[in-house]
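One-letter residues, chain by chain:
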Amino acid sequence: MQDTNEIPRILIVEDDADINRLLCRILKKSGYCPEQAFSGTEARLLLGTGSYDLIILDLMLPGMTGEELLDNIRKEQNLSVPVLILSAKGSLEDRVGLLLEGADDYLTKPFEPEEVAARVCALLRRCGRTRQDGAAGKETQAYTVRNLTVYPEARQVMVKGREIPLTGHEFDILLLLIHNPDKVYSRENLYEQVWKGGYYGEDNTVNVHVSNIRKKLAKADPDEEYIQTVWGIGFKIRGLVAGDSL
């Protein structure tokens with residue numbers, strides 16, 4: 001692990017050049033220092049010559065596969081560096097197997113850039129590594145309603161201590177609602193502010209996204225209803241109760 005005053009170094013192990021470049025852009029935008037490897041063998045060599053704060057690892061790699069590299073990292077090199085699997089393999093068996101073998105998190109392709117950034121931020125925070133730049137102080141800003149907390153800078157959502165993965169648009173909707181609790185947003189308001197475009201009455205996009213957010217929050221906290229429908233008008237974060245904070 002490096003000095004906490006340095007920018008976290010992240011190794012991207014991905015053989016698809018376009019995806020590798022996209023991940024680099026996401027990480028640079030988030031304030032990290034990414035390095036690229038295009039095969040498992042290349043990544044193993046880099047890990048033998050330098051230290052990294054996190055690894056983003058594809059599975060279907062030329063030469064040494066992602067599964068073999070993970071095994072090498074944990075058993076031969078005995079490294080505790082967090083590993084985020086990013087793979088098109090999305091079966092429950094794949095996810096559970098890799099997590100049991102030493103992966104710290106698992107994200108399937110295709111992915112939302114915002115979710116990659118949030119997962120990386122969460123993993124680094126978990127192991128005590130955060131960006132030490134001018135934006136660091138902003139990461140403490142949060143909006144809380146009962147068991148739900150939203151961190152705007154990290155684009156992270158927590159319910160009862162558990163991180164809830166949202167897509168980019170889902171996060172933007174939830175942030176808008178929790179930023180102004182008890183304010184009712186029409187479907188037109190939400191569409192225009194989140195999608196930055198004109199709303200057409202027959203478009204069901206907002207309803208679908210709100211429904212997805214509700215399902216994800218309910219899975220983590222089934223006893224609470226956070227987003228309330230105001231019939232004929234739109235949606236709002238369900239009214240605050242004693243003990244809530246903003």
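Definitions and cut-offs
- Residues numbered from 1 in each chain as written.
- Predicted model: local features only at pLDDT ≥ 70, side-chain atom pairs only at ≥ 80, totals over all residues.
- Heavy atoms only, no water.
- Helix = DSSP H or I, 4+ residues; strand = E, 2+ residues; numbered from the N terminus.
- Buried < 20%, exposed > 50% of the residue type's maximum accessible area, 1.4 Å probe, protein only.
- Contact = heavy atoms within 4.5 Å.
- Areas by Shrake-Rupley, 256 points an atom, 1.4 Å probe, with all protein chains shown as cover.
- Expected span 1.5 Å × (residues − 1).
- Arc of directions from axis to C-beta.
- Axes fitted to C-alpha atoms, helices over the stretch in contact; angles between N-to-C directions.
- Parallel < 35°, antiparallel > 145°, perpendicular 65-115°, else oblique.
- Left-handed = near helix turned anticlockwise from the far one by under 90°.
- Nonpolar A, V, L, I, M, F, W, Y, C, P; charged D, E, K, R; others polar.
- Pairing = 2+ DSSP bridges.
- Polar contact = N/O pair within 3.5 Å; in protein donor to acceptor, adjacent residues only side chain to side chain.

## Section: the overall build of the protein chain
Step number 1: Within the protein chain, the secondary structure is distributed over eight helices and twelve strands.
Step number 2: Out of the 246 residues in the protein chain, the part that is buried amounts to 46%.
Step number 3: Within the protein chain, counting contacts between residues at least 6 apart in sequence, those at least 24 apart form 59% of the total.
Step number 4: With the model as given, the accessible surface of the protein chain reaches about 12200 Å², and the carbon-plus-sulfur share is 49%.

## Section: helix α1 (residues 17-29)
Step number 1: Compared with the 18 Å implied by 1.5 Å per residue over 13 residues, the 18 Å span of α1 between its first and last C-alpha is a close match.
Step number 2: Within the span of α1, buried status applies to N20, L23, C24, I26 and L27. Within α1, the buried residues cover an arc of 165° as seen down the axis, which keeps them to one side. Relative to its buried face, α1 has exposed residues pointing more than 90 degrees away, namely D18, R25, K28 and K29.

## Overview of the packing of α1 against helix α5 (residues 113-126)
Step number 1: With their axes 10 Å apart at the nearest point, α1 and α5 run at an angle of 60° to one another. It follows that α1 is oblique to α5 by the angle criterion. Crossing angle aside, the handedness with which α1 passes α5 is right-handed. Here α1 contributes L23, I26 and L27 to the contact with α5, which in turn contributes P113, V116, A117 and V120.
Step number 2: Grouping the constituent residues of the contact of α1 with α5 by class yields seven nonpolar, no polar and no charged.

## Here's the deal with the sheet that holds strand β6 (residues 143-145)
Step number 1: In spatial order, the strands read β6-β7-β8-β9; together these four strands make up an open sheet with antiparallel pairing. Looking at strand neighbours, the two that pair on one side only are β6 and β9 (162-163), the edges of this open sheet.
Step number 2: Sheet topology places β6 next to strand β7 (residues 148-151); three bridges connect them, and they run antiparallel. Its bridge partner lying in β7, T144 is registered against T149.
Step number 3: With respect to the sheet, helix α6 (residues 168-179) is in contact with β6, β7 and β8 (156-159), its orientation differing from that of β7 by roughly 110°.

## Details of the side chain of R146
Step number 1: Turning to its location among the elements, R146 is positioned in the loop between β6 and β7.
Step number 2: Polar side-chain contacts of R146 include one of 2.9 Å to the side chain of E224.

## Considering the sheet that holds strand β11 (residues 227-230)
Step number 1: Read from one edge of the open sheet, three strands run β10-β12-β11, paired in antiparallel fashion. The open sheet has two edge strands with one neighbour each: β10 (185-186) and β11.
Step number 2: Alignment of β11 against strand β12 (residues 234-237), held across four bridges, turns out to be antiparallel. Residue pairing in the sheet places I227 in a bridge with I237 of β12.
Step number 3: The strands touched by helix α8 (residues 205-220) are β11 and β12; relative to β11, the strand with the most contacts, the crossing angle is about 145°.

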